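Each chain, written out:
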Amino acid sequence: MGNIFSTASAGKEMHYRPIIGVVMCENTVDENPALTVHEKYLDAIFNANALPVCLPHELAAREGAIDQILRGLDGIFLTGSPSNIEPHQYGEEGVEELADPGRDRLSLQLIRATLDKKIPLFAACRGLQELVVATGGSLHRKVQEVPGYRDHREDTSLPHDEQYALVHPVHIEPGGLLSELLPDYQQFQVNSLHGQGANRLGAELTVEARAPDNLVEAVSVRNHPFALGVQWHPEWHSLTDPVSRQLFEAFIAACRKGHQARSAEEE
């Protein structure tokens, strides 16, 4: 009988849909303060057979709230955003015109807690930059003004779909997480819609991929089950783009594995 129940339990876990916390951005809707997230991010998580849950910025202001919410989550997804991280968060001066301080506070606290608890994390675009800052690194505030780098921003004069077109390759660093997740690729094409980028990395991060101009395009966290940040937008056409699909599937698989491990510990 024990084997029957064990088999049934294993089958149930295989079909378990992990619960993924998703950060949001501050906006104004009908003159009211609002928190929003593009459906493309939620769809990518649904399509990978997981369930997204949106996280309000106020969690960062309530004592113990982040730790409590993480007990019910299997993973964290950090989205892209039109906003940029305020420079004081990484030791620089100046004013950021496209700021979202509420998101800064939540994301940086959330990343730190998520890494400490070994919960899987996947970060896209602004999310990668948040991961860099949360682990002690710094950013190029305007990549296009740094000698040697190309302009990585989207062409806003193009139709929306064309702004997300694949525009440059990234080269995978050998021996890392990306090379393990994408064994059939040494390089592949990505979209590019960002004005900021990684400058100095903290000791916890490993470079996983670079653009032709040597800008960091992906990072991972050392000694962590799954903590990956990419500078492009993998959620765009995540069902049809093979690289995006594999990355989301790997992230959700790591979340499911972590859930199974925690469930086994509680039995």
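The present account deals with the structure reproduced in this document. (Residues numbered from 1 in each chain as written. Predicted model: local features only at pLDDT ≥ 70, side-chain atom pairs only at ≥ 80, totals over all residues. Heavy atoms only, no water.)

**Details of the sheet that holds strand β4 (residues 51-55)**
Strands sit in the order β4-β1-β5-β6-β13-β12-β11-β8-β9 across an open sheet of nine strands; the sheet is mixed. Edge positions in the sheet fall to β4 and β9 (187-190), since each has one partner strand and no second. The average undirected angle you get between the axes of adjacent strands in this sheet is 25°. The sheet contact formed by strand β12 (residues 216-221) and strand β13 (residues 227-230) spans three bridges and is antiparallel. Counterpart to A218 in the pairing with β13 is V230. Strand contacts of helix α2 (residues 39-47): β1 (19-23), β4 and β5 (75-78), with the helix running at about 145° to β4, the strand carrying the most contacts. (Pairing = 2+ DSSP bridges. Helix = DSSP H or I, 4+ residues; strand = E, 2+ residues; numbered from the N terminus. Axes fitted to C-alpha atoms, helices over the stretch in contact; angles between N-to-C directions. Contact = heavy atoms within 4.5 Å.)

**What about the nonpolar core?**
Ranked by internal contacts, the top residues of the largest apolar core, which has 34 residues, are L70, I76, L121 and L131. Secondary-structure elements contributing two or more residues to this core are α3 (65-70), β5, α4 (101-116), β6 (121-124), α5 (126-134), β11 (205-210) and β12. It is α4 that provides the largest number of residues to this core, a total of six residues. Leave out the neighbours within four places in its chain, and L131 touches I111, L115, L121, L205, V219, V221, L228 and G229. (Core = buried A, V, L, I, M, F, W, Y, C linked by side-chain atoms within 4.5 Å. Buried < 20%, exposed > 50% of the residue type's maximum accessible area, 1.4 Å probe, protein only.)

**Comments concerning the pairing of strand β2 (residues 25-29)**
Two faces belong to every sheet, and in a regular strand the side chains alternate between them. One ladder, built from five bridges, connects β2 with strand β3 (residues 32-36); its direction is antiparallel. In the sheet register, T28 faces β3, and the bridge partner there is P33. Counting the residues between successive antiparallel strands, the hairpin from β2 to β3 contains two residues, one of them, D30, with a positive phi of roughly 55°.

**As for the packing of aromatic side chains**
The tally for this structure, following the rule as stated, stands at ten aromatic pairs. Seen in terms of ring centroids, F77 and F122 are 5.7 Å apart; in terms of plane orientation they differ by 45°. Their pairing is tilted. Taken as a pair, F77 in strand β5 and F122 in strand β6 lie far apart in primary sequence, 45 residues in all. This pair shows no difference in class: F77 is buried, exactly as F122 is. Pairing F188 with W232 gives two aromatic rings, centres 5.5 Å apart and planes at 75°, and the pair type is edge-to-face. One end of the pair, F188, is in strand β9; the other, W232, is in the loop between β13 and α8 (242-266), and 44 residues separate them in sequence. Through successive ring pairs, a cluster of aromatic residues spans Y41, F77, F122, F226, F248 and F251. (Phe/Tyr/Trp six-rings, centres within 6.5 Å; stacked < 30°, edge-to-face > 60°.)

**A closer look at the environment of L205**
Within the secondary structure, L205 is located in strand β11. Residues L205 and L51 lie 154 residues apart in sequence; the distance between their C-alpha atoms is 28 Å. Those residues in contact with L205 that sit more than four places away from it in its chain are L131, V132, T135, V219, S220, V221 and R222.

**As for α2**
Of the positions making up α2, those classed as buried are K40, Y41, L42, A44 and I45. Looking at the buried residues of α2, the elements they touch are β1, β4, β5 and α8.

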